[in-house]
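Residue-level structural notes
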Amino acid sequence: MAYEGDLNLKATELRLGLPGSDEPRKKSTPSVRSNKRASPEISEESRTRSNSSASIAENGDRDICAPPAKAQVVGWPPIRSYRKNCFQTQQNEAEGTCMYVKVSVDGAPYLRKIDLKVYKSYPELLKALENMFKLTIGEYSEREGYNGSNYSPTYEDKDGDWMLVGDVPWEMFIYSCKRLRIVRGSEGRGLRH
Amino acid sequence: MVINKKPRSHNHSLNPNFMREDRTEMSEDDDRSPPSDSVTTTDSCFSKTQTRTSGSTSGSGPSSVPEFQAPYPDQVLENVLENVLCFLTSRRDRNAASLVCRSWYRVEALTRSELFIGNCYALSPRRATSRFTRIRSVTLKGKPRFADFNLLPPTWGAYFAPWVSAMAKAYPWLEKLHLKRMTVTDDDLALLAESFSGFKELVLVCCDGFGTSGLAYVASKCRQLRVLDLIESEVSDDEVDWISCFPESEMCLESLIFDCVDCPINFDALERLVARSPSLRKLRLNRSVSIGQLHRLMVRAPQLTHLGTGSFRPSEDVAHGEQEPDYVSAFAACESLVCLSGFREIVPDYLPAIYPVCANLTSLNLSYANINAEQLRPIIRNCHKLQILWVLDSICDEGLQAVAATCKELHELRVFPIDACEDSEGPVSEVGLQAISEGCRKLQSILYFCQRMTNAAVIAMSKNCPDLVVFRLCIMGRHRPDHVTGEPMDEGFGAIVMNCKNLTRLAVSGLLTDRAFSYIGRYGKTVRTLSVAFAGDSDMGLKYVLEGCPRLQKLEIRDSPFGDAALLSGLHHYYNMRFLWMSSCKLTSGGCQQIARALPRLVVEVINDEADEDMGNFVDKLYMYRSLEGPRDDAPKVVSIL
């Protein structure tokens, strides 16, 4: 992920790998923080994989050319999410590559935390929020905010101001967002005036 | 209440003819049917709960038989029974006693004080509270274990709410509650705190649905609280300072475990709490507690026997060169410390502080500590009394060799992966397993995650550690064979079931053919829990197990090619089991329907992932369990109950 304003050292990095191939470490999917979510695409994948011959005799050596999707099976290896996330978090925090913010939803009894760095754009983020809290947010429009839905996502920025999610470019947003709050329709529209 | 069906041989000790002779003296109905067939006897156990007499002293029940009416001897008998049955503590013994006759059933129900419910859907709260009226302690388990790995939709169920409502009315004197994999809300905790004035112990293991506001209720209202243990539960951060909610007066708190609570706490309040809890023996801190703060607590509570150290790193605002407290002395002062855990964000330089307690430790949990063999060695070298060890594979095979060299009393070992994916370099292997098997001969329980393994090492363990009760090997690469010979892992697991005569729990992995299952069916006669993933070739695999393992109670299978024919081969046994889980196998809804029709007391749940419209004919997830209640009414849309 290229960060605007950075020297973009990644692009000039010397590595043994095909151009465009990801670093080996990056295997977390957006669903890694939402512990309870089973990704339907992935479990479909794992089933078709196992229904084909179960006696695939791989040679004992470590697969250098293992199919990339092999790492993404839901619930495998059988480690509790808490434990998996613990080390992911530690690694991320050590590298400074995470950006956890609290998300609250009006009317919901508890807060969640998400890592903004995991998303690459507003639509991705909004979709994730919709899934996490089971609500619809709808489409963003510069003039009218989030019309046609009951909920509007807002965030508190570095200056302590409450803004409507989507008003600033994505990169600026993830660096200035301190916490998110999904408000009921009428209040969100208030931010538009 | 475990509907715990014993195999036939046990039932023969309760000779039905003997009972009939005694009938006139007891003047009770004895409608307990002879133990001819497991299903029938279970049914009579079911019918007992429905035809239970309520409060009558003459003993005549609905299926009344002309009898000698003698209320007074009954009274005496029941009093005697009551006094005797009080001494029965094991629930298996109590279940057996309750089957003797109606009188024993009733008295047993009156004298049982601890209720164990292995599956919260096996019976309703109302049924439980009607039968058992004097319960002081309840253990309740909900979701199947695979829920831990995100295989169950989050709305699946196992709600504590109906239970707490029923118990609030039926057991106002309730003292202990132990929940596992239940969804508990803040409201439930509030009701609990309001309803049970003498409440003493709350243990929540792998639970979710509540937050720090729920904890605040418990802390403030449960004045007799001795134990508050939150273990591997998901606790949301409601930004409530629950630690401050404990009463200001001296407390009888004995155990406070909150290492899984992932939010900051009010440390000063915690320090004051520890200071006014002279009975505190167990304290497990979360990772918001720095090592400096830990020191302050240890100094106040040298009487601790169990300590979870929190982060075990200095807080950010400790200036360099600032005088650091004497951690070694703090540990040295804890002369009773036997169980150490925590180290959630360890800075390994501080690890030597624990040297003074190593010689006394019986349990050490380093499974969140990313340390290598070099860092482990000086610690483990002193842990001669260690019985339980949990570590990360960061210690490598060398670290395990160091463990094997010293820990001769070890009876439980768990090796967790620091990198939980399939294709990474594996720091532990058969070398570590072999070393452990040679050094730790008393081993009873092992959980071992690795990337590569050999049959030879597993066979060695089966021979060196014959006392194994729990053997769980997870070769993380799916379908991985023995990496030296290229063979399937059949022989290794076969040796385990053959040589370990006490084995009750087994988890298999790696490349496995039906042969492995034939071994399990042939030799695994004591196996109660079996976990299978990505294994087997055909229906025969599952058939071997269902036909061969009479003690099997919990069976969880994923991604294995077992189909309807295999499922049907277990019809004779399903009423004896707590549950069966099968996901991503080759079951069709037709097959599941057949089971549901054949076994009316079984609840057959089929869960199909919402987004999977065209999965073909195969059922995504099957979860079935015996139940007295029939289909539950709190299932989400994705669950269909056949």
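Residues numbered from 1 in each chain as written. Chains lettered and ligands numbered in written order. Predicted model: local features only at pLDDT ≥ 70, side-chain atom pairs only at ≥ 80, totals over all residues. Heavy atoms only, no water.

1. Some points on the overall build of chain A
Our working rule: Each helix is a run of H or I in the DSSP string that is no shorter than four residues. Each strand is a run of E no shorter than two, and both are numbered from the N terminus. The cut-offs for exposure are 20% and 50% of the maximum accessible area for each residue type, with area from a 1.4 Å probe on protein chains only; residues under the lower value are buried, those over the upper are exposed, and the others partly exposed. Whether two residues are in contact is decided by their heavy atoms: any pair within 4.5 Å suffices. Note on areas: Shrake-Rupley, 1.4 Å probe, and residue coverage restricted to the protein chains presented here.
Of the regular secondary structure elements, chain A holds six helices and seven strands. Reading chain A from its N terminus to its C terminus gives the helix and strand order α-α-α-β-β-α-β-β-β-β-α-β-α. Per-residue burial for chain A yields a buried fraction of 39% across its 193 residues. Across chain A, contacts joining residues at least 24 apart in sequence account for 54% of those joining residues at least 6 apart. When the accessible surface of chain A is split by element, carbon and sulfur atoms take 53% of a total near 11,000 Å².

2. Some thoughts on the overall build of chain B
Each helix and strand counted, chain B has 23 helices and 23 strands in total. Counting every position in chain B, which comprises 642 residues, the buried fraction comes to 59%. Of the contacts formed within chain B by residues at least 6 apart in sequence, a portion of 71% connects residues at least 24 apart. Carbon and sulfur atoms make up 51% of the accessible area of chain B, which totals about 24,100 Å².

3. Observations regarding the pairing of strand E13 (residues 388-392) of chain B
Residue and element names in this part refer to chain B. Just so we agree on the cut-off: With the strands pointing away from the viewer, any crossover whose connection runs clockwise from the first strand over the helix to the second is right-handed. Strands were regarded as paired on the criterion that DSSP finds at least two bridges between them.
For E13, the buried fraction is high: four of the five residues fall into the buried class. Crossover handedness for the path strand E12 (residues 363-365) to helix H15 (residues 373-380) to E13: right-handed. Looking at chain direction, E13 and strand E14 (residues 412-416) are connected through five bridges and run parallel. For leucine 392, the partnering residue across the bridge sits in E14 and is phenylalanine 416. Each parallel crossover has a hand, and the one from E13 via helix H16 (residues 396-406) to E14 is right-handed.

4. Quick word on the nonpolar core
The cut-off we apply is this: Only buried residues count toward a nonpolar core. Its members are Ala, Val, Leu, Ile, Met, Phe, Trp, Tyr and Cys residues joined through side-chain atoms within 4.5 Å.
One finds Phe160(B), Leu256(B), Leu270(B), Leu364(B) and Phe471(B) to be the most contacted residues of the largest nonpolar core, which totals 182 residues. The contact partners of Phe471(B), leaving out residues within four places of it in the chain, are Ile446(B), Val458(B), Met461(B), Phe493(B), Ile496(B), Leu503(B), Arg505(B), Leu506(B) and Ala507(B). In terms of nonpolar packing, the next biggest core, distinct from the first, is built from 28 residues, Ile114(A), Tyr119(A), Cys177(A) and Ile182(A) among them.

5. Concerning the pattern of salt bridges
What counts is decided by this rule: Should a side-chain nitrogen of Lys or Arg be within 4 Å of a carboxyl oxygen of Asp or Glu, the pair is scored as a salt bridge.
Within this structure, the stated rule accounts for 33 salt bridges over all chains. Residue Glu194(B) pairs with Lys221(B) through a salt bridge whose shortest N-O separation is 2.8 Å. With Glu194(B) in helix H9 (residues 186-195) and Lys221(B) in helix H10 (residues 212-221), this residue pair connects regions lying 27 residues apart in the sequence. Of the residues examined, Glu194(B) reaches a relative accessible area of 53% and is grouped as exposed. A relative accessible area of 37% means that Lys221(B) is categorised as partly exposed. Across the pair Glu409(B) and Lys442(B) runs a salt bridge, and its minimum N-O distance is 3.0 Å. With Glu409(B) in the loop between H16 and E14 and Lys442(B) in the loop between helix H17 (430-439) and strand E15 (445-450), this residue pair connects regions lying 33 residues apart in the sequence. Sharing partners across several salt bridges, the network here consists of Arg80(A), Asp148(B), Arg181(B) and Glu232(B).

6. Here we look at the packing of aromatic side chains
What counts here: Only the six-membered ring of Trp is used, alongside the rings of Phe and Tyr, when aromatic pairs are assigned; centres must lie within 6.5 Å, and planes under 30 degrees apart are stacked while those over 60 apart are edge-to-face, with the rest tilted. Here, over-ring charges are defined by two tests on the NZ atom of lysine or the CZ atom of arginine: distance to the ring centre within 6 Å, and angle to the ring normal within 35 degrees.
All told, the structure shown has 24 aromatic pairs over all chains when counted by the stated rule. Where Tyr82(A) meets Tyr368(B), the ring centres are 6.2 Å apart and the plane angle is 80 degrees; that geometry is what we call edge-to-face. Of the two residues, Tyr82(A) sits in helix H3 (residues 81-95) while Tyr368(B) sits in the loop between E12 and H15, which places them in two different chains. Judged by its relative accessible area of 6%, Tyr368(B) is buried. Three or more aromatic residues link up through ring pairs in this structure, and these residues are Tyr121(B), Phe146(B), Phe149(B), Trp156(B), Phe579(B), Trp581(B), Tyr623(B) and Tyr625(B). The ring of Phe416(B) has Arg83(A) sitting right over it, with the charged end atom 3.8 Å from the ring centre.

7. Considerations on the sheet that holds strand E2 (residues 112-115) of chain A
Residue and element names in this part refer to chain A. Here is the rule we go by: Under this scheme, a helix contributes an axis fitted over its contacting stretch, all axes are lines through C-alpha atoms, and angles between N-to-C directions fall in the 0 to 180 degree range.
Taken together, the five strands give an open sheet; going across it, the order is E2-E1-E7-E5-E6, and neighbouring strands pair in mixed fashion. One side of each edge strand has no neighbouring strand; the edge strands of this open sheet are E2 and strand E6 (162-164). Sheet twist, expressed as the mean angle between neighbouring strand axes with direction ignored, is 30 degrees. Here strand E1 (residues 100-105) pairs with strand E7 (residues 177-184) via four bridges, running parallel. Pairing of lysine 102 across the sheet is with arginine 179, part of E7. Across the sheet, helix H4 (residues 122-133) lies against E1, E2, strand E5 (151-157) and E7, angled at about 155 degrees from E2, the strand it touches most.

8. Regarding the confidence of the model for chain A
Residues and elements named next belong to chain A. Filter applied, for reference: Per residue, pLDDT captures the predictor's confidence, and it can take any value from 0 to 100.
Within chain A, residue pLDDT values average 65, and 51% of them lie at 70 or more. Every residue in residues 1-6 is under pLDDT 50, and counting partners more than four places away or in other chains gives eight contacts. Contacts for the low-pLDDT stretch residues 20-71, under 50 throughout, to residues beyond four places or in other chains number 90 contacts.

9. Considering the side chain of Arg578(B)
Residues and elements named next belong to chain B. The test is simple: His residues and chain termini do not enter the charge count, which takes Lys and Arg as positive and Asp and Glu as negative.
Take arginine 578: it is sitting in the loop between helix H22 (564-568) and strand E20 (579-583). For the buried arginine 578, which has no salt bridge, the nearest side chain bearing the opposite charge is glutamate 556, at an N-O separation of 10 Å. Arginine 578 has contacts with Phe116, Gly118, Asn119, Lys141, Gln553, Lys554, Met624, Tyr625 and Arg626, leaving out every residue within four places of it along the chain.

10. A word on unusual backbone geometry
For the peptide bond that leads from Trp76(A) to Pro77(A), omega is -5 degrees, which places it in the cis range. The residue Pro77(A) is located in the loop between helix H2 (40-51) and H3 in this model. Although it is not a glycine, Phe534(B) adopts a positive phi angle of roughly 50 degrees. Following the sequence through the fold, Phe534(B) ends up in the loop between strand E18 (529-533) and helix H21 (539-548).

11. Details of helix H20 (residues 514-523) of chain B
Residue and element names in this part refer to chain B. Within H20, seven of the ten residues are buried, leaving the element largely enclosed by the surrounding structure. All of the buried residues in H20 are Asp514, Ala516, Phe517, Ser518, Tyr519, Ile520 and Gly521. Contacts from the buried residues of H20 go to helix H19 (490-499), strand E17 (505-507), E18 and H21.

12. Re a nonpolar patch on the surface
The condition is simple: Like charges are joined within 9 Å and nonpolar side chains (Val, Leu, Ile, Met, Phe, Trp, Tyr) within 5 Å, but only among residues with over 30% relative accessible area and no salt bridge; these make up the patches.
A cluster of nonpolar side chains, namely Val76(B), Val80(B) and Val84(B), defines an oily patch on the protein surface of about 230 Å² accessible area. Among the secondary structure elements, Val84(B) is positioned in helix H4 (residues 71-85).

13. Some points on the pairing of E18(B)
Residues and elements named next belong to chain B. Summarising burial for E18: five of the five residues are buried, a large majority. Neither face of E18 is exposed, since Thr529, Ser531 and Ala533 on one face and Leu530 and Val532 on the opposite face are all buried. The pairing of E17 with E18 spans three bridges and is classified as parallel. Looking at the pairing, alanine 507 lines up with serine 531 of E18. In this fold, the crossover linking E17 to E18 by way of H20 has right-handed handedness. By the bridge criterion, five bridges tie E18 to strand E19 (residues 554-558) in an arrangement that is parallel. Paired with threonine 529 across the two strands is lysine 554, which belongs to E19. What joins E18 to E19 is H21, and the crossover it makes is right-handed.

14. Some remarks on the side chain of Arg472(B)
Positionally, Arg472(B) belongs in strand E16 (residues 470-475). No salt bridge is formed by the buried Arg472(B); its nearest oppositely charged neighbour, Glu556(B), is found at 6.7 Å.

15. Examining the state of the cysteines
All names here are of chain B. The line we're drawing: Cysteine sulfurs are considered disulfide-paired once they come within 2.5 Å of each other.
Counted according to the given criterion, the structure contains zero disulfides over all chains. The structure places no disulfide on cysteine 206, whose sulfur is separated from the nearest cysteine sulfur, that of cysteine 207, by 7.3 Å. For cysteine 206, a relative accessible area of 13% puts it in the buried group.

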